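# Results of the structural survey
Chain by chain, the residues run as shown.
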Amino acid sequence: MTPDFEPVIGLEIHVQLKTRTKMFCGCELSFGAPPNTLTCPVCLGLPGALPVANARAIHFALMIGLALGCELADHSVFHRKNYFYPDLPKGYQISQYDEPLCRGGELAGVRLHRVHLEEDAAKLIHLGASGRIHGSEQSIVDFNRGGTPLVEIVTEPELRSGEHAREWLSLLRATLRSLGVSDVNMEEGSLRADANVSLRPAGSTPLGTKTELKNMNSFRFLERGVTAEIERQRAIIEGGGEVAQETLHFDPASGALTTLRSKEEAHDYRYFPEPDLVPIATTAEMLEQARAAIGELPAARAVRFERDFGLSAEMAHLLAFRSDLGDYFEAANAASAADSGHAQQLANWVSGQLVARIGEQDPATSNVTPAALATLVELVSARELTNGTAREVLDVLLQSGGDPRAIVAERGLASLSDDSELAAIVAAAIAADPDAAAKVRAGNAKAIAALIGPVMRETRGRADGSEVTKLIREQLGV
Amino acid sequence: MIDRDTVLHVARLARLELTDGEVERMVGELGGVLEHIETIAQLDLDGVPPTTHVVEVANALREDEPRASLSRQQALAGAPAVADEGFAVPSPQA
């Protein structure tokens, strides 16, 4: 990467709201319902049907605006965005234009341009009789999704890399999830991100020609797509060429970026105010209700974890922005003896060993209860278990649940508390390998590993490694 | 004023196929409408908010309560073409 150009990235995020019904009609929202069973004259765009805005969708959008520190408009209107596409039955999408519900705002150092409400398009299934996806001659439209409330969040172009874009989007997802306004699931499409990417000479202000990347339906694809596009543009510019303004489709399988056919020439959407909907006048009461519905946001939770539990900023952040981990951590803490001072260790076990074993799964749905993890940490802390055997106990807990103390007793995993027993095992190991013992005596520190190994095997991990090392040194007089 | 190219552009956006005669007529008719707007634009309207609705009403909202949807059969009844439980359309990607 030459230092001469800096990437400038802006994100446009669409969030499906978790209301019961659609944005402008009473059809229910249901992911995975049989095709075309959740429609009505309004969301099918039949002549004469009139839209009426969903109060809860506006409530959710106000919550999002407040949580992101936006300026909330006291007067906001819907516009028609006109274009033809088979997923849009009316020939226009009801959206917002120059009077959006929210402007400005900020999350994790990235400023927001605006947040507005609109309706989702229907779902197009590109499956012809031949079963081919590309080049199929016929598509099927399922209008169940058409009219789902969407909040569009547009950032300022302040992200600097694919990795930065991915990290920031995951913070946004955590924030939206904690608000309870959306499922925010990228695979199911309730959270969607498009990225605008351009390069400019480092330190200059004007933006270069941008391209728009679509179809990045996972955090990993977003990072890879943006990174690939930055490299593509860099190669063009360094080769003396010019970047063309276009919309690109990222194919995660091949990593290729291909030009998408434009939905409308030159984005000429001919916006005009939607005559069928009256303006939204945000009242003090609506604001108060939105404010009252917002619980603790991840950013505030991270600050509390740092302050109250003495966690590092990084650890506090990790637990607070994955709310299931944060909840589990807090439950385990509550199950610990008061003033046990185990918060740090619990955080390490939750974010380390537990996550290493269950990945993205919510630990609350695993077989390990928060109380069991708290007990496990207490046993380690009291040196009744070594870290190694504690990990074994954790494996058993994940398999079949239960109480750590019972598992330890049943399997004979308790640490060797009798020093003379351990000393005898150490003496035997030294006697069994006089070669290694002589090397250690002669000052070869590395040779000690040959003696530690047999001791750990003999004790099946129940001995503390540093204790064993200490005993070997003592017995060898070094 | 409006020219021939603008009429053709707008017609393309609206998916309208106009004969040469119709294009000429639209140049005249749309031009007349725009001239009228230009007359209005001569008024000093600084500080006057645009009228998007003739009645001053705001917040005509509905509660988030489900209402019965159409059956699939009803929904598809007016479709020009039907396939696989949906509205069949020419593929926009073809």
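Residues numbered from 1 in each chain as written. Chains lettered and ligands numbered in written order. Predicted model: local features only at pLDDT ≥ 70, side-chain atom pairs only at ≥ 80, totals over all residues.

## Some details on the overall build of chain A
Here is the rule we go by: Strands are runs of DSSP state E lasting at least 2 residues, helices are runs of H or I lasting at least 4, and numbering of each runs from the N terminus. When we talk radius of gyration, it's over C-alpha atoms, and the globule rule is simply 2.2 Å times the number of residues to the 0.38. In this description, any two residues whose backbone-derived C-beta atoms lie within 7 Å of each other are considered to be in contact.
From N to C terminus, chain A includes 15 helices and 18 strands. The C-alpha radius of gyration of chain A comes to 30 Å, more than 25% above the 23 Å expected for a compact globule of 478 residues. Projected onto its principal axes, the C-alpha positions of chain A cover 95 × 55 × 50 Å. Contacts in chain A between residues at least 24 apart in sequence constitute 69% of all its contacts with a sequence separation of at least 6.

## Side note on the sheet that holds strand β11 (residues 138-142) of chain A
In plain terms, the rule: Two strands pair under a simple rule: DSSP has to find at least two bridges between them.
Taken together, four strands build an open sheet; the order of strands is β10(A)-β11(A)-β3(B)-β2(B) and the sheet is antiparallel. Among the strands making up the open sheet, the edge pair consists of β10 (123-125) of chain A together with β2 (82-83) of chain B. Pairing between β11 of chain A and strand β3 (residues 86-90) of chain B: four bridges, direction antiparallel. Residue pairing in the sheet places Q138 of chain A in a bridge with P90 of chain B of β3 of chain B.

## A few points about the domain arrangement of chain A
All names here are of chain A. Note the cut-off: Note: domain ranges come from an automatic or database domain assignment. By the convention adopted, Pro, Cys, Tyr, Trp, Phe, Met, Ile, Leu, Val and Ala count as nonpolar, Lys, Arg, Asp and Glu as charged, and the other residues, Gly among them, as polar.
The domain boundaries assigned to chain A delineate domain 1 (5-291), domain 2 (298-411) and domain 3 (419-476). The C-alpha-based centres of domain 1 and domain 2 are spaced at 38 Å. Taken together, the contacts link five residues of domain 1 with four residues of domain 2. Split into classes, the residues belonging to the side of domain 1 that touches domain 2 amount to two nonpolar, two polar and one charged.

## With respect to the environment of A450 of chain A
All names here are of chain A. Position of A450 among the secondary structure elements: in helix α14 (residues 449-459). Taking the C-alpha atoms as reference points, A450 and A429, separated by 21 residues in sequence, lie 9.2 Å from one another. Aside from chain neighbours lying at most four places away, what touches A450 is D433 and A436.

## Details of the nonpolar core
Residue and element names in this part refer to chain A. As a reminder, the rule being used: Put simply, a nonpolar core is a cluster of buried Ala, Val, Leu, Ile, Met, Phe, Trp, Tyr and Cys residues tied together by C-beta atoms within 7 Å. With C-beta atoms placed from the backbone, the exposure class of a residue follows from how many other C-beta atoms lie within 10 Å of its own: 20 or more, buried; 12 or fewer, exposed; in between, partly exposed.
Counting residues in hydrophobic clusters, the biggest one holds 74 residues, and the most contacted among them are V15, A61, I64, V115, V151, A165 and A195. Tallying contributions element by element places helix α1 (residues 55-67) first for this core, with eight residues. Contact partners of I64, with chain neighbours within four places excluded, come to V115, V151, L176, L179 and V181. A374, V393, I407 and L413 belong to the second-largest nonpolar core, a separate cluster that totals 36 residues.

## Regarding the interface of chain B and chain A
Every contact between the two is made by 32 residues of chain B and, on the other side, 42 residues of chain A. Contributions of two or more residues to the side of chain B that touches chain A are made by β1 (61-62), α3 (72-76) and β3 of chain B. Tallying contributions element by element places β3 of chain B first for the side of chain B that touches chain A, with five residues. Classifying every residue of the side of chain B that touches chain A gives 16 nonpolar, seven polar and nine charged.

## Focus on the packing of helix α8 (residues 343-358) of chain A against helix α9 (residues 370-381) of chain A
Residues and elements named next belong to chain A. For the record, the criterion: Axis definition: a line fitted to C-alpha atoms, limited for helices to the stretch in contact. Angles are taken between N-to-C directions and run from 0 to 180 degrees. Between 65 and 115 degrees an angle is taken as roughly perpendicular, under 35 as roughly parallel, over 145 as roughly antiparallel, and anywhere else as oblique. By definition, any crossing whose near helix is turned counterclockwise from its far helix by less than a right angle is left-handed, and any crossing with a clockwise turn is right-handed.
Contact geometry for α8 and α9: axes closest at 10 Å, N-to-C directions at 120°. Between α8 and α9, the angle is such that the two are oblique. Crossing geometry of α8 relative to α9 is assigned as right-handed. Contacts between α8 and α9 pair Q345, L346 and W349 from the former with L373, A374, V377 and S381 from the latter.

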